[in-house]
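Next come the chains, spelled out residue by residue.
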Amino acid sequence: MAADTSIWQRIGFHRSFGVAEAGWGRTLAVAGVSFVYFLPVLFIIFTAIKPQALALSVPPTLSPTSLFGLIPDQFVFTPTLENFSSVFSRVMTGGGQPEPTGFDRFFFNSIVIASASVLLALVLGTLAAYGFSRYPLKGNDTYLFIILTTRMLPAIVVIIPVILMFRAVGLSGSYLGIILLYTAFNLAFTIWMMKSFFDELSTDVEDAARIDGSSGTRVFFRICLPQVVAGLAATFVFGLILTWNEFLFALLVTGPDTRTVPVAMNQAVSSGGRGTDWTLLAAIETLFLIPVFLVTFFLQEHLLRGVTFGTVRK
Amino acid sequence: MSTIELRGITKTFGSFVAVQDADLSVAAGEVVCLLGPSGCGKTTTLRMIAGLERATAGDIVIAGRRMNGLPPQERNIAMVFQFYALYPALTVGENIAMPLHHQAIGKAEIAAHVAKVADILHLRDILDRMPGQISEGEKQRVAVARAIVRDPNCFLFDEPLSRLDVELRHTMRSQIKAVLSNLSRATVIVTHDQLEALSMADRIAIMRDGRIEQVGSPHEVFARPANVFVASFIGTPQMNLIEAEFKGYGDGKATVTFGRQDVNIPAAPAVAALAPGRVTVGVRPRAFTVVPKDTADTIDAVTELIEPMGAETLIHARTRTGGDIRVVIPRDKKVKVGEPLHMIPDPMQTHIFAADGKAVRA
Ligand SMILES: Nc1ncnc2c1ncn2[C@@H]1O[C@H](COP(=O)(O)OP(=O)(O)OP(=O)(O)O)[C@@H](O)[C@H]1O
Ligand SMILES: [Mg+2]
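Residues numbered from 1 in each chain as written. Chains lettered and ligands numbered in written order. Predicted model: local features only at pLDDT ≥ 70, side-chain atom pairs only at ≥ 80, totals over all residues. Heavy atoms only, no water.

A.B. asks: Explanation requested: the interface of chain A and chain B in the structure shown.
C.D. replies: Interface extent is often summarised as the accessible area lost during association of the parts. Taken together, the 15 residues of chain A in the interface contact 20 residues of chain B. Of the roughly 1,500 Å² buried where chain A meets chain B, counting both sides, 63% is carbon and sulfur surface. It is Asp204(A), Ile211(A) and Asp212(A) in chain A that bury the most area against chain B; as a group they hold 43% of the surface buried on that side. At the junction of chain A and chain B, the tally comes to 3 salt bridges. (Contact = heavy atoms within 4.5 Å. Buried area = accessible area lost by both parts, 1.4 Å probe. Salt bridge = Lys/Arg side-chain N within 4 Å of Asp/Glu carboxyl O.)

Structure representation (structure tokens):
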């Protein structure tokens with residue numbers, strides 16, 4: 001048991017599990033609400049480990065274990081990892097040998113494209129936000145508003161000229177193309193988020209650093225940035241989630257080599273002519289959740305501070 | 001030489017004039033206090049000296065060098081901010097050491113410097129703590145330590161004591177004064193607390209609405225205020241400023257009328273040049289002598305409120321014309337509410353201000 005506790009403590013659960021502080025009543029209420037929210041995710045994960053035949057069975061199978069006899073046998077299924085292996089290689093139309101599906105490549109694409117574009121947007125956006133915040137131009141607010149307007153049009157309207165331009169300059173189907181597109185897509189949001197974080201900081205500290213002999217660059221990197229780490233984390237995660245799940249741009253701008261998971265998922269499910277393979281879809285979705293889950297988990301401490309910035313601090 | 005000279009500096013924000021045509025010179029080793037009500041441009045003036053704000057017009061000369069276009073990091077100035085502005089992510093020791101990192105000196109020497117100022121300001125035991133973990137008084141001392149750790153051209157303090165409680169303020173006031181007296185640098189301290197200014201400054205510059213109204217030693221600004229504003233701003237209780245009619249001058253005395261009562265007040269010969277008309281007579285509350293009825297040339301009033309202040313008693317009295325007069329008398333002098341008071345002002349502490357508010361003196 002002692003070993004158990006230390007593992008929980010090490011990954012930070014002891015703090016979130018402040019039952020003694022909150023009392024059992026509230027803890028149970030929160031647990032109930034969380035369960036409702038988590039149910040769809042749980043459902044997907046269970047579907048991913050069901051035998052394919054049970055995917056749509058009525059009554060539905062609910063649990064991989066009988067929980068020591070608590071759940072009647074007809075609701076229990078035998079868990080399997082077969083769906084996960086068929087994400088990466090499976091028998092295509094017409095039978096024969098299992099073939100690689102290319103999903104390893106698509107996951108790689110998603111990770112590279114999402115992180116590259118979000119990081120790029122974060123770098124550019126943070127610099128721009130600092131400029132807007134500390135060295136306002138004449139008509140600063142107008143510029144900020146114009147930047148925001150880039151996000152006002154629905155993607156479906158924007159995508160047509162984008163496709164035409166990408167064709168003309170040969171960016172269609174390339175990594176560079178989709179990364180640039182996502183970067184532009186994330187930039188407005190990043191600038192607005194980061195500007196509000198910079199605006200919250202006391203400029204006195206920066207002035208003090210300047211007087212103490214720091215150059216503008218040093219003030220930015222050594223004094224200002226460390227104070228907005230929470231903001232950077234929050235902006236990164238929000239941007240990542242938006243980009244990670246993006247479908248339309250990816251569908252129309254990526255090629256076979258640069259395809260991202262959401263697009264590939266759509267194609268995997270609708271191809272084959274045998275109707276939707278729900279367990280396969282659930283397996284892809286489960287895998288698809290993991291990277292974002294990990295990033296969010298490791299940044300959660302910063303995230304919480306980032307999101308509550310300005311409400312808790314003041 | 002560590003000196004500061006401001007020549008006609010002006011700062012406008014859009015159409016708003018925050019500082020107008022300010023002249024000020026601070027000699028090496030001199031402490032000048034910028035004193036004035038809130039919003040009069042004290043901080044703006046200080047920030048222009050530091051280079052954090054660009055002067056719209058005028059010259060800023062520090063240590064003999066014109067500094068107008070130079071950024072703060074090239075001016076070699078130490079400044080203590082109103083809210084201390086400690087670096088939140090650095091320990092107290094690192095905070096103090098920060099200004100030294102831009103000078104070409106070794107780690108050991110930095111540590112020695114930090115230890116030295118930490119000793120002066122009694123910060124030895126908290127060098128490893130974070131700014132969030134120390135008290136206001138300690139933060140204040142850390143901010144001062146960070147300023148004196150190197151050898152700057154001059155020191156700037158922006159209301160350094162405003163966030164401390166009364167007792168701490170007293171000790172810090174003398175501590176800062178002691179530290180500064182050993183450094184012989186030009187120092188400007190911003191404050192809106194006149195006691196602080198009177199006790200710390202060699203000279204005081206009194207500001208109002210972006211203008212410097214008077215610069216002088218604490219004694220000068222108290223004893224010879226240049227105008228009505230300075231007269232009313234310096235000294236507690238406030239100087240009495242009585243509206244009166246100037247009739248004429250003769251025999252070293254000015255004849256003024258309060259209501260229907262003519263009073264001859266000893267005044268400087270310069271008053272003779274004044275045209276008859278409205279003036280303001282300023283008398284400090286402690287400059288009245290209460291005399292028996294029927295003495296010549298008294299100012300008369302009726303006691304309305306008595307406020308014992310320990311060693312002295314503050315009396316609020318009303319003149320026949322309805323004006324309010326504050327008088328401080330020794331505790332042993334007994335006065336009752338409703339009793340008439342007859343007072344003679346001390347000629348040395350009586351000021352006549354012309355209609356434009358300027359003091360009329362020889
Ligand atoms: N960046 C700015 N933009 C516009 N107006 C400003 C700016 N900074 C200061 N002001 C104005 O200039 C005037 C002087 O401000 P300043 O901060 O110098 O006052 P202060 O004398 O230090 O007052 P306090 O005692 O309250 O600190 C104020 O009316 C203020 O509103
Ligand atoms: Mg101020």
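A.B. asks: I would appreciate a short explanation of the site of ligand 1 in the present structure.
C.D. replies: Residues and elements named next belong to chain B. In the neighbourhood of ligand 1, the contacting residues comprise Phe-13, Phe-16, Ala-18, Ser-38, Gly-39, Cys-40, Gly-41, Lys-42, Thr-43, Thr-44, Glu-159 and His-192. In this structure, Ser-38 approaches ligand 1 through a side-chain N or O atom, which is 2.4 Å from an oxygen atom. Within the side chain of Lys-42, one N or O atom sits 2.8 Å away from an oxygen atom of ligand 1. For the shell around ligand 1, the secondary structure elements donating two or more residues are β2 (16–26) and α1 (42–50). Classifying every residue of the shell around ligand 1 by side-chain character gives 4 nonpolar, 6 polar and 2 charged. (Near = heavy atom within 4 Å. Polar contact = N/O pair within 3.5 Å; in protein donor to acceptor, adjacent residues only side chain to side chain. Helix = DSSP H or I, 4+ residues; strand = E, 2+ residues; numbered from the N terminus. Nonpolar A, V, L, I, M, F, W, Y, C, P; charged D, E, K, R; others polar.)

A.B. asks: Is there a simple way to explain the sheet that holds strand β3 (residues 31–35) of chain B in this structure?
C.D. replies: Strand pairing in a sheet takes place through backbone hydrogen bonds and is either antiparallel or parallel in direction. Residues and elements named next belong to chain B. Taken together, the 6 strands give an open sheet; going across it, the order is β6-β7-β8-β3-β9-β10, and neighbouring strands pair in mixed fashion. The sheet terminates laterally at β6 (77–80) and β10 (211–216), the two strands that pair on one side only. On average, each strand axis in the sheet is tilted by 15 degrees relative to the strand beside it, whichever way the strands run. Pairing analysis gives 5 bridges linking β3 to strand β8 (residues 186–191), with the strands arranged parallel. If you follow Leu-35 over to β8, its bridge partner there is Thr-191. Packed onto the sheet, helix α4 (residues 136–148) meets β6 and β7 (154–158) and runs at close to 175 degrees relative to β6. (Pairing = 2+ DSSP bridges. Axes fitted to C-alpha atoms, helices over the stretch in contact; angles between N-to-C directions.)

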